Amino acid sequence: KKKRMAAHRKVGASSNKKPTNGVWSAVAIQKHFMEEMGMSGERRTRGRRSLAQKIGVLPETKKLAEEEWERVGKESDKQQRSEEPCSICHEQYTDKVDQVLLSCGHVFHTKCMRNLELFARRTATAAPPACPLCRTADYEKRNYDGGKRVYHHKMATKIQKVWRGFSTRRAVLMWKMETDPVFREEMHFQLVKRISNEELYRAEQRANDLNSFFEKLDRKRTAATLHTITLTDWETARRDLLSRGVEDCIICMNPLAIPVTSAATNTTDVSLAAQSVLLSCSHAFHAPCLASFEEFERCGCIEDRKCPICRAPYITQPLYGE
């Protein structure tokens, strides 16, 4: 009875296997070796099984055990490969970028290795991806933190170096202050000098602030007086201009427009003089020239406008009225 039950179990196990024949086995083996040599359209990685391995015609490729990965990692740390820059992008490893360790013991950035594998798959020759350094094909890879550990060690060493240097310099300074009177006197002199310079700078800043405040008050007072100019003041400014015999615009050096008086009709044509303006300081310019000058000087308000000749605040009026 036990023998019959064992025979039935053997028959049932054999019936669950997928049927294979010589033709499909040959096709699977051919596809397997074409993928190995990179002759097919895609490259099979080490962890992926081929059709021949799935149906049991060829043995499966064994992956690295955890002990072997530990040995590869220790060998990489021993050769200090994480302290060198990435061989693909030539940048140092930091704690913000992931790393990958290959089964051959070389270390790269994860993104750099992924882009290299994509480039190798897209080439016309369809060459199998290999390690960029030792050209080992059919490799395995896994995440690695050796570069992060090296980066943290460097940063900790730098912080300790800065703190120890500061502590040593402070201790030496205190020792010299206690034992060397000449050095102590020089240090006190430098301290008093630094405090004096700081106080002098603050005093100059306060003086500049006061000067700016008084200049602002003067501009406002001048602007207020400009609005009180009467017609008599304008006539006086016009007479002063004519008495000096000024006939040219000092900005463009072209003649000012002079009104033409007709003897037949006894009238004055002021159309040509419309482009000339008189300033309250008794100077005259062409209106476009004065507007260009104000734009160049960036005069935003009346109190900021200054005469190009006497630098006095002004308001304008047509040189000759109708």
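Above this text is the structure in question.
Residues numbered from 1 in each chain as written. Predicted model: local features only at pLDDT ≥ 70, side-chain atom pairs only at ≥ 80, totals over all residues. Heavy atoms only, no water.

Draft legend 1. How the structure looks around the environment of Leu-319. Within the secondary structure layout, Leu-319 lies in the segment after strand 8 (316-318). Counting along the chain gives 63 residues from Leu-319 to Leu-256, while the straight-line C-alpha distance between them is 9.6 Å. Beyond its immediate chain neighbours, meaning those up to four positions away, Leu-319 contacts Arg-238, Leu-241, Ser-276, Val-277, Leu-278 and Ala-284. (Helix = DSSP H or I, 4+ residues; strand = E, 2+ residues; numbered from the N terminus. Contact = heavy atoms within 4.5 Å.)

Draft legend 2. View of the packing of aromatic side chains. Counted under the stated rule, the structure contains one aromatic pair. Taking 5.7 Å as the distance between ring centres and 35° as the angle between the ring planes, the aromatic pair formed by Trp-163 and Phe-166 counts as tilted. Separated by three residues within a single helix, Trp-163 and Phe-166 lie in helix 6 (residues 146-179), roughly one turn from each other. Its relative accessible area of 51% is what places Trp-163 among the exposed residues. On the accessibility criterion, Phe-166 (38% relative accessible area) is partly exposed. Over the face of the ring belonging to Phe-183 we find Lys-176, whose NZ or CZ atom lies 4.3 Å from the ring centre. (Phe/Tyr/Trp six-rings, centres within 6.5 Å; stacked < 30°, edge-to-face > 60°. Buried < 20%, exposed > 50% of the residue type's maximum accessible area, 1.4 Å probe, protein only. Lys NZ or Arg CZ within 6 Å of the ring centre and 35° of its normal.)

Draft legend 3. Representation of helix 9 (residues 287-297). Taken together, the buried positions of helix 9 are occupied by Cys-289, Leu-290, Phe-293 and Glu-294. When helix 9 is viewed along its axis, its buried side chains cluster within an angular range of 135° and face the same direction. The outward face of helix 9, more than 90 degrees from its buried face, is lined by the exposed residues Glu-295 and Phe-296. Those residues of helix 9 that are buried are in contact with strand 6 (276-279), strand 7 (284-286) and strand 8. Arg-298 sits one or two residues past helix 9 and shows a positive phi near 55°. (Arc of directions from axis to C-beta.)

Draft legend 4. Molecular detail of helix 6. Given a rise of 1.5 Å per residue, 34 residues ought to cover 50 Å, and the 49 Å separating the end C-alpha atoms of helix 6 matches this to within 8%. Every buried residue of helix 6 is listed here: Gly-146, Gly-147 and Val-150. Looking at the buried side of helix 6, the elements it contacts are strand 1 (99-102) and strand 3 (141-144). (Expected span 1.5 Å × (residues − 1).)

Draft legend 5. Here's a closer look at the sheet that holds strand 6. Spatial strand order, 7-6-8: three strands in an open sheet with antiparallel pairing. Because the sheet does not close on itself, it has two edges, and the strands there are strand 7 and strand 8. Averaged over all adjacent pairs, the angle separating strand axes in this sheet is 35°, with direction ignored. Where strand 6 meets strand 8, three bridges bridge the pair, whose relative direction is antiparallel. Note that in strand 8 the partner of Leu-278 across the bridge is Gln-317. Across the sheet, helix 8 (residues 231-244) touches strand 6, strand 7 and strand 8, and the angle it forms with strand 6 is around 110°. Its contacts with the sheet put helix 9 on strand 6, strand 7 and strand 8, and the angle it makes with strand 7 is roughly 90°. (Pairing = 2+ DSSP bridges. Axes fitted to C-alpha atoms, helices over the stretch in contact; angles between N-to-C directions.)

Draft legend 6. Just the state of the cysteines, in detail. Applying the stated criterion across every chain, the model contains zero disulfides. With no disulfide partner, Cys-131 has as its closest neighbouring cysteine sulfur the one in Cys-104, 3.6 Å distant. Unpaired in terms of disulfides, Cys-134 finds its nearest cysteine sulfur in Cys-104, a separation of 3.6 Å. (Disulfide = S-S within 2.5 Å.)

Draft legend 7. View of the environment of Lys-216. Within the fold, Lys-216 resides in helix 7 (residues 181-226). A residue is classified by how much of its surface remains accessible, and Lys-216, at 43% relative accessible area, is partly exposed. Taking the C-alpha atoms as reference points, Lys-216 and Asp-304, separated by 88 residues in sequence, lie 9.9 Å from one another.

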